[in-house]
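Here's the letter readout for the chains.
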Amino acid sequence: WRVKTLINKLEPLPSPPRCCRAGARDLRPYVLLAMVVASVLGGSITALESVRETIVEANATLCSGVQDFVYSTDAFNMVYTSNSNPNGMSTAQTALYANIQAVRETIFPETVPFFTRRNRTSRRAMAVALEIAPLKEVEKRDSWDIAQSSAGIQAASGLVCNDTVAMRWDMSRFIFESLDAFGESSAADAAASVFQVQTCADLQPMCAGWDLVRAACPETCGCSSPRGAHFLTGPAYGCPEACRTTPQYLARQAALPCTDPTPAELFVDPVWLGWAEQFAGEVQRVFKP
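The model shown is predicted, which means the values in this text are computed figures rather than measured ones.

1. Focus: the state of the cysteines
Then, in step 1: One pass over the full model with this rule turns up four disulfides.
Then, in step 2: In this model Cys 161 forms its disulfide with Cys 243; the gap between the sulfur atoms is 1.9 Å. Torsion about the S-S bond of the Cys 161 and Cys 243 cystine: about 100°, corresponding to right-handed handedness. Of this pair, Cys 161 sits in the loop between α6 (146-156) and α7 (169-177) while Cys 243 sits in the loop between α8 (211-216) and α9 (247-254), placing them 82 residues apart in sequence. In this structure, Cys 161 and Cys 243 share a single accessibility class: buried.
Then, in step 3: Across the disulfide from Cys 223 sits Cys 239; the S-S distance is 1.8 Å. On the sign convention where negative is left-handed, the bridge of Cys 223 and Cys 239, at about -60° about the S-S bond, is left-handed.

Right, dumping it as structure tokens:
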């Protein structure tokens, strides 16, 4: 009876009148959803605009103005600049050079191929590992010129003016992988992945035109003789500077007669004729229009 009495006394709770006519759909949820979507889109557009401005600024910094230079600073923060491609290597040559592959192999050692020499098979990387050297020893090589680099190649093998290819897998592999960059792919059977550059004798035809070959093979390329077959045997052309102070070089120099050869003698001297041809080529390269 009490429950029935309570139910009879129930009254509806007061509520605000509906904004819509009876039977019409309530649009307030849709309006709220539209407001939320508009708010999200507005925030996204603002964020994207900020990112776009950053990308535009980065593009202007990295891709506009003069890019063909490198710079460094000294202890006084003086800025020094130099052309980033002083040897005039083309984009195609740069892409074919083996330095990128050498770095990639250092990052991923499992990609280093196996080679067999003297019945021994093992992985042979191209990068010269200065494992016991401090970081500064690695860093300073970035500023070395050709003369310093050629001396460094010899020092890495504990040598002064000796052929290094036969004893250095890293050097022979690097030269082999870079042959295409200098139009010398015929010297290697790349299609069969055969490791062809075994000694400096394999590289002798390239002595005249490749500084790296002269640095790695100074004996084969004539750096250790005052009458070597190649005219450009100075340190700036890859021949280690120490070659001119070795006992062999000094002995050969002392044995030369101290008299000027006659024109008739020069015209039949193969060394002199080779020097003349190389000198003419170098003059043409330096002073080309």
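2. Section: the packing of aromatic side chains
Then, in step 1: Following the criterion strictly, the structure yields two aromatic pairs and no others.
Then, in step 2: With centroids separated by 5.6 Å and ring planes inclined at 80°, the aromatic side chains of Phe 231 and Phe 279 adopt a geometry described as edge-to-face. One end of the pair, Phe 231, is in the loop between α8 and α9; the other, Phe 279, is in helix α11 (residues 270-286), and 48 residues separate them in sequence.
Then, in step 3: Owing to a relative accessible area of 34%, Phe 231 belongs among the partly exposed residues under this scheme.
Then, in step 4: These aromatic residues form a ring-pair network of at least three members: Phe 231, Trp 275 and Phe 279.

How each quantity is defined
Residues numbered from 1 in each chain as written. Predicted model: local features only at pLDDT ≥ 70, side-chain atom pairs only at ≥ 80, totals over all residues. Heavy atoms only, no water. Disulfide = S-S within 2.5 Å. Helix = DSSP H or I, 4+ residues; strand = E, 2+ residues; numbered from the N terminus. Buried < 20%, exposed > 50% of the residue type's maximum accessible area, 1.4 Å probe, protein only. Phe/Tyr/Trp six-rings, centres within 6.5 Å; stacked < 30°, edge-to-face > 60°.

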